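Observations on the three-dimensional arrangement
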Amino acid sequence: MESGLFHRASDLERAFLVLAGFTDRHTPVPSSPDHGGRVEDLGLALDRMGLPGAEVAACHQVHGARVFRVWGPAWPAGDGDALVTTVPGLVLGVRTADCVPVLLAGPGGVAAVHAGWRGTAAGVVHAAVEALSAATGQPAGAFRAALGPAVGPCCYAVGPEVVDALAHVAPPEVFVASTGVDLRAVVLHVLASLGVAARIAVPACTACDERFHSWRRDGRAAGRQAALVALRP
Ligand SMILES: [Zn+2]
């Protein structure tokens with residue numbers, strides 16, 4: 001993994017004509033577009049991504065399963081947790097502190113997904129793959145996914161209601177470890193079941209690894225990292 005700043009999803013970038021990756025705490029990211037965050041505050045992240053001054057679309061994230069297809073900049077696009085586009089040069093962004101950021105790419109389209117336990121249990125990953133398929137006319141098997149930094153099972157002890165909810169989309173033996181729940185394992189299971197080849201691009205646990213923001217570790221003071229993806233302009 002590259003040290004600091006912008007952690008590229010090189011698997012996606014090699015497979016398709018896209019720019020994709022994840023920031024860490026060294027890059028400021030507005031926490032919410034509709035609570036005072038300004039899209040201009042993503043400037044440094046866009047520089048590091050390789051698309052300085054690019055137009056951005058992001059949602060007001062609500063831990064649900066709604067996906068927006070976007071054709072231009074939108075900040076926020078609305079209440080939802082995933083974005084899809086086929087427009088070259090338009091950057092899709094989601095913000096996370098422990099939840100799983102998922103970037104999807106395929107021939108002619110990209111998607112960005114905010115997948116916490118609630119959204120994952122509600123089917124946001126499946127919904128994003130379907131929306132990308134509808135937008136590009138490609139089957140799920142034509143896509144690849146990259147998962148970014150997220151809380152690991154080492155630091156994600158949860159109540160039985162979380163395990164029960166996630167069991168709707170993956171069998172517990174896939175994601176329940178002795179120390180906690182492995183959210184990325186749930187997402188990988190869902191993607192595999194849809195036929196999407198997926199890799200973890202940044203294996204760090206956000207709560208253990210101080211390079212990243214973590215809600216579990218820092219509580220209300222936690223910042224956010226951005227997961228960004230765009231078709232090359
Ligand atoms: Zn950890």
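Residues numbered from 1 in each chain as written. Predicted model: local features only at pLDDT ≥ 70, side-chain atom pairs only at ≥ 80, totals over all residues. Heavy atoms only, no water.

A word on the coordination of the zinc ion. The protein atoms donating to the zinc ion are Cys154 (SG), Cys155 (SG), Cys205 (SG) and Cys208 (SG), with metal-donor distances spanning 2.2 to 2.3 Å. Of note is the zinc ion, whose four donor atoms meet at the metal with angles of 100 to 117° in an arrangement that counts as tetrahedral. Cysteine 154 sits in the partly exposed class, given a relative accessible area of 45%. Taking relative accessible area as the criterion, cysteine 155 reaches 25% and is therefore assigned partly exposed. (Donors = N, O, S within 2.8 Å, 3.2 Å for Na, K, Ca; no water. Tetrahedral: all angles 85-135°; square planar, octahedral: opposite > 155°, others 65-115°. Buried < 20%, exposed > 50% of the residue type's maximum accessible area, 1.4 Å probe, protein only.)

Now for the pattern of salt bridges. Pairs can form between side chains of opposite charge once their charged atoms are near each other. According to the stated counting rule, one finds five salt bridges in the structure shown. With a closest N to O distance of 3.0 Å, glutamate 13 and arginine 8 form a salt bridge. On the basis of relative accessible area, glutamate 13 is assigned to the buried category, the value being 18%. Arginine 217 is the salt-bridge partner of aspartate 218, the closest N and O atoms lying 3.1 Å from each other. Overall, the relative accessible area of 27% leaves aspartate 218 in the partly exposed class. (Salt bridge = Lys/Arg side-chain N within 4 Å of Asp/Glu carboxyl O.)

It is worth spelling out the side chain of aspartate 209 at this point. Note that aspartate 209 resides in the loop between strand 10 (197-200) and helix 8 (215-218). Assessed through its relative accessible area of 17%, aspartate 209 is described here as buried. Here the side chain of aspartate 209 touches arginine 211 through a polar contact of 2.5 Å, side chain to side chain. Apart from residues lying up to four places away in sequence, aspartate 209 is in contact with Ala204 and Arg217. (Helix = DSSP H or I, 4+ residues; strand = E, 2+ residues; numbered from the N terminus. Polar contact = N/O pair within 3.5 Å; in protein donor to acceptor, adjacent residues only side chain to side chain. Contact = heavy atoms within 4.5 Å.)

Turning our eyes to something else, we now look at the sheet that holds strand 3 (residues 56-57). Whenever strands of a sheet pair, they do so through backbone hydrogen bonds, lying parallel or antiparallel. Strand order in the open sheet made by the five strands is 1-2-11-6-3, with mixed pairing throughout. Looking along the sheet, the strands with just one partner apiece sit at the ends: strand 1 (6-8) and strand 3. Of the strand pairs in this sheet, strand 3 and strand 6 (residues 91-96) are connected by two bridges, and their pairing is parallel. By the bridge assignment, valine 56 is partnered in strand 6 with valine 91. (Pairing = 2+ DSSP bridges.)

As a volume, the largest pocket reaches approximately 550 Å³. Lining the largest pocket are 22 residues, and of these His63, Cys99, His114, Trp215 and Arg224 sit closest to its centre. Considering only residue class, the lining of the largest pocket consists of seven nonpolar, ten polar and five charged. (1 Å grid on protein atoms, 1.4 Å probe; cavity = no way out; pocket = protein on both sides within 12 Å on 5 of 7 lines; lining within 4 Å. Points joined across faces, edges and corners; volume = space filled by probe spheres on them. Nonpolar A, V, L, I, M, F, W, Y, C, P; charged D, E, K, R; others polar.)

For residues other than glycine, phi is negative in most cases, and the peptide bonds are mostly trans. Residue proline 76 follows tryptophan 75 across a cis peptide bond; omega there is 0°. Looking at where proline 76 falls in the secondary structure, it is placed in the loop between strand 4 (67-69) and strand 5 (82-85). Residues other than glycine seldom take positive phi values, yet histidine 63 does so here, at roughly 60°. Relative to the helices and strands, histidine 63 is located in the loop between strand 3 and strand 4. By relative accessible area, histidine 63 is classed as partly exposed at 37%.

Moving on to helix 4 (residues 124-136). Taking 1.5 Å per residue, 13 residues should reach 18 Å; helix 4 reaches 18 Å between its end C-alpha atoms and fits that length. Those residues of helix 4 that sit buried are Val124, Val125, Ala128, Val129, Leu132, Ala135 and Thr136. All buried residues of helix 4 lie within an arc of 135° about the axis, which places them on one face of the element. Residues Glu130 and Ala134 are exposed on helix 4 and point more than 90 degrees away from its buried face. Looking at the packing, one finds that the buried side of helix 4 touches strand 4, strand 5, strand 7 (100-106), strand 8 (109-115), helix 3 (117-122) and helix 7 (183-194). The first or second residue beyond helix 4 is glycine 137, which carries a positive phi of 75°. (Expected span 1.5 Å × (residues − 1). Arc of directions from axis to C-beta.)

A complete count under the given rule lists one cavity of 30 Å³ or more for this structure. The volume enclosed by the largest cavity comes to roughly 40 Å³. Residue lining of the largest cavity: Val29, Leu42, Ala58, Trp75, Gly93, Val94, Arg95, Ala226 and Leu228, and that is the complete set. Take the lining of the largest cavity: its biggest share by element is three residues, from strand 6. Partitioning the lining of the largest cavity into residue classes produces seven nonpolar, one polar and one charged.

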